[in-house]
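# A look at the structure
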There are 2 protein chains.
Amino acid sequence: MKIGILGSGNVGAGLGLLWAKAGHEVIFSYSRDEAKLRHLAETAGPKAQVGTPAEAVAQSEVVMLAVALPQLEDAIAAGSPFDGKIIITCVSGLRPDFTGQTIGLATDLTSSVAEQVQRLAPQARVVEAFNLTFAEIIAAESREFGGHRPSLFYCGDDGSAKATVAGLIEDCGYDALDAGGLRVARSLETLATAWVQFAVASGQFPTVGLKVLQR
Amino acid sequence: MKIGILGSGNVGAGLGLLWAKAGHEVIFSYSRDEAKLRHLAETAGPKAQVGTPAEAVAQSEVVMLAVALPQLEDAIAAGSPFDGKIIITCVSGLRPDFTGQTIGLATDLTSSVAEQVQRLAPQARVVEAFNLTFAEIIAAESREFGGHRPSLFYCGDDGSAKATVAGLIEDCGYDALDAGGLRVARSLETLATAWVQFAVASGQFPTVGLKVLQR
């Protein structure tokens, strides 16, 4: 599969490297630091390359949107058009404030970043995923904790897009769990931000994972 | 151990039954329905009894506070004094609204119900626990999901009280995990309310558990 990455922060870089390792073709894009993108592509190997955001989107079936919230609109504008493409978003409304023990949450449950992405790219098939883990876990040698795979929820309104994303989640070493429609992102983003907030406050960040048990 | 239960809702009733089964002496109290308390004590067996809130506290080493938030002050006043007693609180700021798919959260992260309990009962040793599970899981034949025990965090400022509570959590069939001081309740209550909110929104409530993976 061809995957475009928008954003070269720890999450976008780490996922790109994992997918390249799993045999996918990866295009790194959207960084203020062109050298960083080139270094990522070199590290990822011969199937990885660097491109503009528009190239990364145009040449890919799946686009990983891994930017900070303030860059959301700019990154989507730079990558457009997204006609029929799958966008995976892990962008959260988290407001880091490591000065105290608090990290602000976006918790009014009446909106979600994922739905905002869908409005900004109406022709895309948006799936939310990868927000219930930490960049440090993505970057680790293995996702496993003592033989256990952590769980990752995903949600979205397009069934075939979700099936594709579930496979990409499994490729990274997580258990993929369907949480429902895109509207569930309101709750999933809230849960994810509460999880990182709690991990920091309890002194466990980032060496803690979450496994969902189902009956 | 002698355990007083304040509140006969699904959580208080279920925990009392589990602890009686584990061999503890349980006193059920604080219900508008005296017959419900008597039925609980009969179901729990010969080591269980019914009492007033003041009796339940006076005769116990540990008090389980399992009331709805609006009853918090009244229940603590009815049970006082708490000198030196361990209070376990699972009271959340959750505002159920099952009319939509939203459940309101208490998420400003500047306060917690657990700290409010400590202010209302300054002589007690307050530990927060049992808010990362559902009453339906407490009431099930086993806490396990396919051989996995769910995790339960607890937090508090008194080390020996926390050790006692950790044992009582394990007695119920959960893995007990220390999350830190009582202040961490701000984040733990937020996480717990986000977890139930997400479980409802994603259609998984109440047949889903959470296992924490640590490195």
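An account of the accompanying structure is given in this report. No experiment lies behind these values; they were computed from the predicted model shown.

What follows covers the pairing of strand β1 (residues 2-6) of chain A. Residues and elements named next belong to chain A. Across the 5 residues of β1, 4 count as buried, placing the element largely inside the fold. Bridge count between β1 and strand β2 (residues 25-29): 5 bridges; the pairing is parallel. Bridge pairing in β2 links I5 to F28. Bridge count for β1 against strand β4 (residues 62-65) is 4 bridges, and the pairing is parallel. Residue pairing for β4: L6 is matched across the bridge by L65.

Note on the identical chains: chain A maps onto chain B by a rotation of 180° and an axial translation of 0.0 Å, with an RMSD of 0.0 Å. Taken together, the turn and the small shift mark the pair as related by a two-fold rotation axis. Scanning chain A for the C-alpha nearest the rotation axis identifies K211 of chain A, at a separation of 2.5 Å. The share of interface residues of chain A whose copies in chain B are also at the interface is 100%, consistent with both copies meeting through the same surface.

On to the sheet that holds strand β7 (residues 151-156) of chain B. Residues and elements named next belong to chain B. One open sheet holds the 8 strands; their spatial order is β3-β2-β1-β4-β5-β6-β7-β8, and the pairing between them is mixed. Looking at which strands have only one partner, the edges of the open sheet turn out to be β3 (48-50) and β8 (175-178). Taking each pair of neighbouring strands and ignoring which way they run, the sheet shows an average axis angle of 25°. Taken together, the 2 bridges between strand β6 (residues 125-128) and β7 define a ladder with antiparallel strand orientation. Opposite E128, over in β7, you have C155 as the bridge partner. Against the sheet, helix α2 (residues 34-44) makes contact with β2 (25-29) and β3, and its axis sits at roughly 170° relative to β3, the strand it touches most. Sheet contacts for helix α8 (residues 185-201): β6 and β7; angle to β7, the most-contacted strand, approximately 150°.

The subject of this paragraph is the interface of chain A and chain B. Chain A puts 39 residues into the contact, and the matching count from chain B is 39 residues. Note on chain A versus chain B: buried area summed over both sides is about 3300 Å², and carbon and sulfur give 66% of it. Of all residues in chain A, F198, L213 and R215 of chain A bury the most surface against chain B, accounting for 24% of the area lost on that side. On inspection of chain A and its partner chain B, the count reaches 0 salt bridges. At the junction of chain A and chain B, the tally comes to 13 residue pairs in polar contact (both at pLDDT 80 or more). Residue assignment for the side of chain A that touches chain B shows that the elements contributing at least two residues are α8 (185-201) and β9 (208-214) of chain A. Ranked by residue count, the leading element in the side of chain A that touches chain B is α8 of chain A, at 9 residues. Tallied by class, residues from the side of chain A that touches chain B come to 20 nonpolar, 13 polar and 6 charged. As judged from the 7 bridges shared by β9 of chain A and strand β9 (residues 208-214) of chain B, these two strands associate in the antiparallel manner.

Residues and elements named next belong to chain A. Counted by the stated rule, this structure contains 8 aromatic pairs over all chains. When the ring of W19 is compared with that of F130, the centres are 5.6 Å apart and the planes differ by 80°; the resulting orientation is edge-to-face. A residue pair is termed long-range when its members are at least 10 positions apart, and W19 in helix α1 (residues 10-21) and F130 in the loop between β6 (125-128) and α6 (135-139) qualify at 111 residues. Like F130, W19 is buried.

A separate point is the nonpolar core. If you look at the biggest cluster of nonpolar residues, it comprises 150 residues, and the most contacted ones within it are W19 and F130 of chain A together with W19 and F130 of chain B. Setting aside residues up to four positions removed in sequence, W19 of chain A forms contacts with I3, I5, H24, V26, M64, I88, F130, L168, D171 and C172 of chain A.

Parameters at a glance
Residues numbered from 1 in each chain as written. Chains lettered and ligands numbered in written order. Predicted model: local features only at pLDDT ≥ 70, side-chain atom pairs only at ≥ 80, totals over all residues. Heavy atoms only, no water. Buried < 20%, exposed > 50% of the residue type's maximum accessible area, 1.4 Å probe, protein only. Helix = DSSP H or I, 4+ residues; strand = E, 2+ residues; numbered from the N terminus. Pairing = 2+ DSSP bridges. Least-squares fit on C-alpha atoms with pLDDT ≥ 70 in both. Contact = heavy atoms within 4.5 Å. Axes fitted to C-alpha atoms, helices over the stretch in contact; angles between N-to-C directions. Buried area = accessible area lost by both parts, 1.4 Å probe. Salt bridge = Lys/Arg side-chain N within 4 Å of Asp/Glu carboxyl O. Polar contact = N/O pair within 3.5 Å; in protein donor to acceptor, adjacent residues only side chain to side chain. Nonpolar A, V, L, I, M, F, W, Y, C, P; charged D, E, K, R; others polar. Phe/Tyr/Trp six-rings, centres within 6.5 Å; stacked < 30°, edge-to-face > 60°. Core = buried A, V, L, I, M, F, W, Y, C linked by side-chain atoms within 4.5 Å.

Coordinates in, geometry out; function isn't part of it.
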